Amino acid sequence: MQPRTPLLLCVLLSQVLLLTSAEDLDCTPGFQQKVFHINQPAQFIEDQAILNLTFSDCKGNNKLHYEVSSPYFKVNNDGSLVALKNITAVGKTLFIHARTPHAEDMAELMIVGGKDIQGSLQVVDSDRPEGSKFRLTGKGVDQEPKGIFRINENTGSVSVTRTLDRETIATYQLFVETTDVNGKTLEGPVPLEVIVIDQNDNRPIFREGPYIGHVMEGSPTGTTVMRMTAFDADDPATDNALLRYNIRQQTPDKPSPNMFYIDPEKGDIVTVVSPALLDRETLENPKYELIIEAQDMAGLDVGLTGTATATIMIDDKNDHSPKFTRKEFQATVEEGVVGVIVNLTVEDKDDPSTGAWRAAYTIINGNPGQSFEIHTNPQTNEGMLSVVKPLDYEISAFHTLLIKVENEDPLVPDVSYGPSSTATVHITVLDVNEGPVFYPDPMTVTRQENISVGSVLLTVNATDPDSLQHQTIRYSVYKDPAGWLNINPINGTVDTTAVLDRESPFVHNSVYTALFLAIDSGNPPATGTGTLLITLEDVNDNAPFIYPTVAEVCDDAKNLSVVILGASDKDLHPNTDPFKFEIHKQAVPDKVWKVSKINNTHALVSLLQNLNKANYHLPIMVTDSGKPPMTNITDLRVQVCSCKNSKVDCNAAGALHFSVTSVLLMSLFSLACL
């Protein structure tokens with residue numbers, strides 16, 4: 001149903017604004033009168049002047065703008081305060097804020113007899129039927145959160161039952177209708193929007209901390225370091241959330257109490273001192289802590305504040321080159337020794353945690369043999385000069401190195417490395433008694449095995465590196481696992497004391513290894529060790545042997561094959577296979593056994609006829625291919641067993657022991673009787 005008469009709606013809420021003051025000048029910017037008192041009228045009439053305000057920014061009031069804490073009032077260009085509509089109650093206080101680009105101020109209107117209100121509005125319908133009632137519905141009435149608003153069913157006055165929080169709910173959409181005595185809707189529902197006017201009840205907060213910024217030392221004035229941003233939960237369209245920033249405190253306050261400036265509107269922190277004052281090496285502390293304050297109400301004194309700490313680090317740049325603490329360094333090292341011989345110290349004023357302080361050392365002269373290396377100690381920044389190849393006193397007793405030091409990071413353009421960035425190191429090599437050295441080492445010789453005892457293998461040669469000491473050398477055997485060798489202690493001649501056997505367990509891959517000592521006549525004496533590798537050539541001195549030496553066969557076997565024999569020889573080719581397999585001392589053609597060649601290393605032993613259950617010994621002769629060849633005769637024990645119902649019985653085979661000759665004689669006798 002459409003309403004017959006429009007409903008007049010108005011929401012009354014108060015907003016706290018702030019006061020500010022201006023400096024005492026000949027022309028004082030601001031309101032001439034800051035506090036006004038009036039009596040509460042029966043009604044504020046639309047467009048009727050309530051009072052006149054006088055504001056001046058002392059510069060012509062260009063772009064003058066007024067704001068009133070109640071949305072139902074305004075200030076005209078002539079300074080008159082008027083109501084925008086007929087209204088009865090506005091509370092006890094109104095605030096009027098005036099602003100130009102050059103000044104701003106706050107005036108306060110105190111209403112004597114005014115009442116504190118949480119918020120009220122009047123719904124008016126002059127043509128409402130007699131006996132009808134108002135009804136209010138919507139979120140905040142009969143919908144969650146319930147019970148915030150209520151309406152006087154007779155007068156249409158809408159009131160608030162408890163404090164509203166704009167930051168929780170900024171607007172409420174209600175509906176008003178009129179009903180008869182039976183609750184039947186006569187008019188409406190008509191929407192009623194309640195807008196919660198913001199109060200400055202939230203302090204600015206810094207939510208993104210910790211705030212840490214970095215600025216390079218020597219940066220130009222005005223260099224941006226970081227940005228501080230605070231948050232205010234109040235209405236961003238009002239001054240309640242209009243923030244201004246300032247620096248409340250700087251620690252330390254040297255060399256200037258105002259090292260930095262913060263843009264009051266953006267929150268950008270910038271440097272304000274000269275680059276010379278922003279020198280990390282001369283600062284008391286390269287870390288500054290600033291207490292930053294954010295204040296709402298555009299920074300007016302009555303605005304709420306919040307603070308945070310900004311930590312600013314003055315970062316180092318490589319504006320100081322490293323310098324050696326001495327122009328010359330001395331070092332002493334024994335010949336033949338490797339390791340660190342001296343630590344070179346440097347000074348650098350830059351930050352020890354950066355590459356602008358960390359040193360890198362280079363040997364630029366005096367190291368043609370690459371006997372020296374230098375590395376940086378990461379804890380002390382010292383240069384650790386080391387010998388990596390043993391030095392020889394007899395070659396050179398003194399060494400002089402020229403070393404330079406630089407930083408890991410490059411120097412800034414206006415700084416360079418000077419004479420103090422190079423140093424000389426004088427190294428003295430001490431003579432020590434060095435052990436004799438065999439040449440060559442290892443020593444090699446090739447001989448046939450089984451050479452006669454006392455055969456000379458070679459004469460070893462060892463020299464004393466201490467050529468200036470004129471020492472004598474004596475020789476001795478150090479390790480001779482098989483005990484085959486002897487060495488002349490004076491001239492180093494090595495001969496044999498036993499037969500050399502290539503097949504010995506002390507020989508590996510035909511090579512026998514022995515160690516000898518050369519001992520000089522120093523005090524104390526020094527010893528050198530030399531290795532002799534004797535390669536032994538093979539001689540056919542090992543007869544082959546067969547395997548296996550035991551076999552079984554059934555007495556009624558249809559397959560008369562007995563066993564496959566293999567042969568092996570400890571010697572090397574050509575003193576091994578092909579092997580020749582034979583039955584030894586067979587006087588007449590054998591009618592029982594047969595040996596057949598399978599390949600170079602294996603042969604098949606088979607029967608020509610079945611035999612009775614017994615043990616038989618068959619002499620097998622195997623011959624290798626050496627020159628001259630070597631032969632070995634081995635008895636092959638053949639067990640002829642009884643095989644019944646898949647069971648093999650060889651127990652009775654031991655009762656009879658027939659030689660091959662007996663078997664042959666019995667066979668011949670059987671043939672003669674036929």
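Residues numbered from 1 in each chain as written. Predicted model: local features only at pLDDT ≥ 70, side-chain atom pairs only at ≥ 80, totals over all residues. Heavy atoms only, no water.

In the nomenclature of an unreviewed UniProt entry, the chain corresponds to Cadherin-13 from the organism Odobenus rosmarus divergens. Here the chain is described in UniProt, under the heading Subunit (unreviewed entry), as follows: "By contrast to classical cadherins, homodimerization in trans is not mediated by cadherin EC1 domain strand-swapping, but instead through a homophilic adhesive interface which joins two elongated EC1-EC2 domains through a region near their Ca2+-binding sites to form a tetrahedral, X-like shape." (UniProt positions renumbered as here; feature names shortened; annotations may be inferred.)

As a further point, take the packing of aromatic side chains. In total, this model carries 11 aromatic pairs according to the counting rule given. On the basis of an interplanar angle of 65° and a centroid distance of 6.1 Å, the ring pair of Phe324 and Phe329 is categorised as edge-to-face. Side by side, Phe324 and Phe329 carry an identical accessibility label, which is buried. Of note, Arg207 hangs over the ring of Phe231, and the distance from its end group to the ring centre comes to 3.9 Å. (Phe/Tyr/Trp six-rings, centres within 6.5 Å; stacked < 30°, edge-to-face > 60°. Buried < 20%, exposed > 50% of the residue type's maximum accessible area, 1.4 Å probe, protein only. Lys NZ or Arg CZ within 6 Å of the ring centre and 35° of its normal.)

This part takes up the pattern of salt bridges. Throughout the structure, instances matching the rule amount to 19 salt bridges. Where Lys613 meets Asp649, a salt bridge forms, and the shortest distance between an N and an O atom there is 3.1 Å. Here Lys613 is found in the loop between strand E46 (602–607) and strand E47 (614–623), whereas its partner Asp649 is found in strand E49 (residues 647–649), with 36 residues between them in sequence. (Salt bridge = Lys/Arg side-chain N within 4 Å of Asp/Glu carboxyl O. Helix = DSSP H or I, 4+ residues; strand = E, 2+ residues; numbered from the N terminus.)

This part takes up the environment of Asn318. Here Asn318 lies in the loop between strand E22 (305–315) and strand E23 (323–324). C-alpha separation for the pair Asn318 and Pro410, spaced 92 residues apart in sequence, amounts to 6.8 Å. Every residue in contact with Asn318, bar those within four places of it in the chain, is listed here: Asp350, Ala356, Asn407, Asp409, Pro410, Leu411 and Val412. Within polar-contact distance, the side chain of Asn318 engages the backbone oxygen of Pro410 at 3.4 Å. (Contact = heavy atoms within 4.5 Å. Polar contact = N/O pair within 3.5 Å; in protein donor to acceptor, adjacent residues only side chain to side chain.)

Let us now look at the UniProt feature "domain: Cadherin" (unreviewed entry) in the chain. Under the UniProt annotation, "domain: Cadherin" (unreviewed entry) lies at residues 114–206, 207–324, 334–438, 439–546 and 545–658. Annotated as 0% helix and 45% strand, the span residues 334–438 places its first and last C-alpha atoms 22 Å apart.

Let us look at the pairing of strand E21 (residues 287–295). In the case of a regular strand, side chains alternate between the two sheet surfaces. Here seven bridges tie strand E18 (residues 244–251) to E21, and the two strands are oriented antiparallel to one another. Bridged to Asn246 within E21 is Glu293. Strand direction decides the pairing type here: E21 and E22, joined by nine bridges, are antiparallel. Within the sheet, the bridge partner assigned to Tyr288 lies in E22 and is Ile312. (Pairing = 2+ DSSP bridges.)

Grouped together as the largest cluster of nonpolar side chains are 26 residues, with contacts concentrated most on Val562, Leu565, Phe581, Trp593, Val605, Leu607 and Leu636. Elements supplying a minimum of two residues to this core: strand E42 (550–554), strand E43 (561–568), strand E44 (580–583), E46, E47 and strand E48 (631–644). If one sorts the elements of this core by residue count, E47 sits on top with five residues. Leaving out residues up to four positions away in the same chain, Phe581 has contacts with Ile546, Leu565, Gly566, Ala567, Val595, Thr601, His602, Ala603, Met621 and Val622. One finds Val225, Leu278, Ala294 and Ala308 within the second-largest nonpolar core, a separate group that totals 24 residues. (Core = buried A, V, L, I, M, F, W, Y, C linked by side-chain atoms within 4.5 Å.)

Here three strands make up an open sheet; going across it, the order is E17-E20-E19 and the pairing antiparallel. Across the chains shown, the open sheet's two edge strands, defined by having one partner strand only, are strand E17 (224–227) and strand E19 (260–262). Direction aside, the axes of adjacent strands within the sheet are offset by 20° on average. Where E17 and strand E20 (residues 268–271) come together, three bridges link them in antiparallel fashion. From the neighbouring strand, Arg227 faces E20, where its bridge partner is Asp268. (Axes fitted to C-alpha atoms, helices over the stretch in contact; angles between N-to-C directions.)

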